[in-house]
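Read off the chains here:
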Amino acid sequence: MKLDFLPKKYKLGLESLDVSYLYEIRMRTSYPVLIRYKNEQLYLSNSGATILKCNAIICKKSDIDEIIALVTKSSLYAYNDRIKEGYLTTDEGVRIGLAGECVCANGNIHTIKNFTSLNIRVPHEIFGAANDIFCFVYNKKIKNTLIISPPARGKTTILKDLARKIDDLNIGSIMVIDERAEFQIVKGANIDTIMYSDKLYAFEYGLRSLSPNIVITDELSSEDDWICAERAVISGVKLIASCHGASIDDIRAKEYFQNIFDVYVVLDDDGVPGRIKGVYNREFISI
Amino acid sequence: MRIFIGVLALLLCTIIGYKKASKYVNRKKFYNDFAEFNTKLIQEISFLQTTLIELTEEMDLPGDFFESLSIYIKTKNFHFEKTYLRREELNDLNKYFKIIGSGDKDTQIEYLNAVSAQLSNKCVICEEEEKKYRSLYVKLGFLIGLIALIILL
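Residues numbered from 1 in each chain as written. Chains lettered and ligands numbered in written order. Predicted model: local features only at pLDDT ≥ 70, side-chain atom pairs only at ≥ 80, totals over all residues. Heavy atoms only, no water.

## A look at the confidence of the model for chain A
Line of reasoning, step 1. Residue-level pLDDT values for chain A average 91, and 100% of them are 70 or greater.
Line of reasoning, step 2. Per-element mean pLDDT across chain A ranges from 87 in helix H8 (residues 248–252) of chain A up to 96 in strand E11 (residues 214–217) of chain A. (pLDDT = per-residue confidence, 0-100. Helix = DSSP H or I, 4+ residues; strand = E, 2+ residues; numbered from the N terminus.)

Here you go:
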């Protein structure tokens, strides 16, 4: 099971739930455990999901420590590069966001200690998640595509499905830049995955050594990410990426925005994750 | 009958001597294993960043140190039944098990290097103690047994 690292009482509470509708577990020390289940924010109790705060499981500091110890296999040093970036990823691709005390040295974050909150993002393998947008991404050839949505709206799930679909087409080599090990279960004859690397390194090293035809990457955020994306597109590689935002205007207003994509897919910020709100062409006209 | 009891006493005393001496043999092995693991852990953290579970499985050596470490990693319970370690040594061992794996690379290496220096010292002391007391206890046991045999005869 994907959530084997959870303490026993949490697993008991989840037993009566359909995990395929569970998107997020939020744990904050001394507060009730929250879950996002079937698009609703509920509390986790010993017997499942509840709207009653009084029945909720209260997160203890020891619960958080237990999870950290299990996920890091009691070897924090081996995971510190990820911890200082604020996350951990389990072997099964579950991403855990971390909050705690940042330890700084020479102006840089050295590590995070005394963890107080966890945000467990439960990934879903939805075969067909990209069905609705695939006709925009591929029409005799792959188009540079940017998927836009607020956090936890299904961008990564769609990108994973797109990777599988393009792999099935057998039209070229696909390089997946997987900074946070969320694509580790996506494999294929045409797929090369670079894990735990920042985009700057992955683009430079990957483009030179792996010669991909298509690059798939999650979450363009910093200036460097956008510069790398632009370079890749200029060099003739097809790029499929995602980015945080609620509308096409949000993206155009971004400081580092480059109009390098042929298609912009905006996902709905409400309701079922992965639902399309709008698709736009290079001129930002709805198509 | 007297000869039989005398020989029995000789054997018994020699065995007791061996038993007494084994404490020093075990201590020497324990601290050598401890130092070996500590050195290996420093190397692994510095370069490959192997996890503790992988490292203990990879080393998989017999001995009380590795046994107690494996139990601790799996259960997070400190458990050491043998009596050849002193109370403060047990406390230090418990502290070591708690600290390894609980911090980032730099702080772990700093701590492990400090332990390494202490362990080198400890290994030398254990080696000297083993050399000194092992033959002493065996000889003493044999001698007492021999005296018992002579008295009985």
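Okay, back to it.
## Considerations on the packing of aromatic side chains
Line of reasoning, step 1. For the coordinates displayed, the defined rule picks out 28 aromatic pairs over all chains.
Line of reasoning, step 2. Both rings, one in phenylalanine 257 of chain A and one in tyrosine 264 of chain A, keep their centres 6.2 Å apart while their planes meet at 45°; by these two values the pair is tilted. Grouping residues by exposure puts phenylalanine 257 of chain A and tyrosine 264 of chain A together as buried.
Line of reasoning, step 3. Centre to centre, the rings of phenylalanine 65 of chain B and phenylalanine 97 of chain B are 6.0 Å apart; their planes meet at 55°, and the pair counts as tilted. Remark: phenylalanine 97 of chain B occurs in helix H4 (residues 87–99) and phenylalanine 65 of chain B occurs in helix H3 (residues 64–75); sequence separation between them is 32 residues.
Line of reasoning, step 4. Judged by relative accessible area, which is 0%, phenylalanine 65 of chain B ranks as buried.
Line of reasoning, step 5. A relative accessible area of 2% places phenylalanine 97 of chain B in the buried class. (Phe/Tyr/Trp six-rings, centres within 6.5 Å; stacked < 30°, edge-to-face > 60°. Buried < 20%, exposed > 50% of the residue type's maximum accessible area, 1.4 Å probe, protein only.)

## Some thoughts on the side chain of threonine 56 of chain B
Line of reasoning, step 1. Take threonine 56 of chain B: it is sitting in helix H2 (residues 52–59).
Line of reasoning, step 2. Contacts of threonine 56 of chain B, omitting those with residues within four sequence positions, involve Phe37, Leu69, Ser70 and Ile73 of chain B. (Contact = heavy atoms within 4.5 Å.)

## Overview of the nonpolar core
Line of reasoning, step 1. Of all hydrophobic cores here, the largest spans 64 residues; its most connected members are Ile120 of chain A together with Phe37 and Tyr96 of chain B.
Line of reasoning, step 2. In terms of residues, this core owes the most to one element, helix H1 (residues 2–46) of chain B, which gives eight residues.
Line of reasoning, step 3. Setting aside anything within four residues of it in sequence, one finds phenylalanine 37 of chain B in contact with Leu52, Leu55, Thr56, Met59, Phe65, Phe66, Leu69, Tyr96 and Ile100 of chain B.
Line of reasoning, step 4. By size, the runner-up hydrophobic cluster in this structure holds 26 residues, among which are Leu146, Cys228, Phe257 and Tyr264 of chain A. (Core = buried A, V, L, I, M, F, W, Y, C linked by side-chain atoms within 4.5 Å.)

## Details of the sheet that holds strand E1 (residues 22–28) of chain A
Residue and element names in this part refer to chain A.
Line of reasoning, step 1. The strand order across the open sheet built from seven strands is E4-E3-E2-E1-E7-E6-E5, with neighbouring strands paired in antiparallel fashion. The two strands at the open ends of the sheet, each matched to only one other strand, are strand E4 (48–50) and strand E5 (87–89). Strand after strand, the sheet turns through a mean of 40° between neighbouring axes, direction not considered.
Line of reasoning, step 2. As paired strands, strand E3 (residues 40–45) and E4 are joined by three bridges and run antiparallel to one another. Across the sheet, serine 45 pairs through a bridge with glycine 48, a residue of E4.
Line of reasoning, step 3. Running over the sheet, helix H2 (residues 61–71) touches E1, E5, strand E6 (95–105) and strand E7 (108–121) and is turned about 105° from E7. (Pairing = 2+ DSSP bridges. Axes fitted to C-alpha atoms, helices over the stretch in contact; angles between N-to-C directions.)

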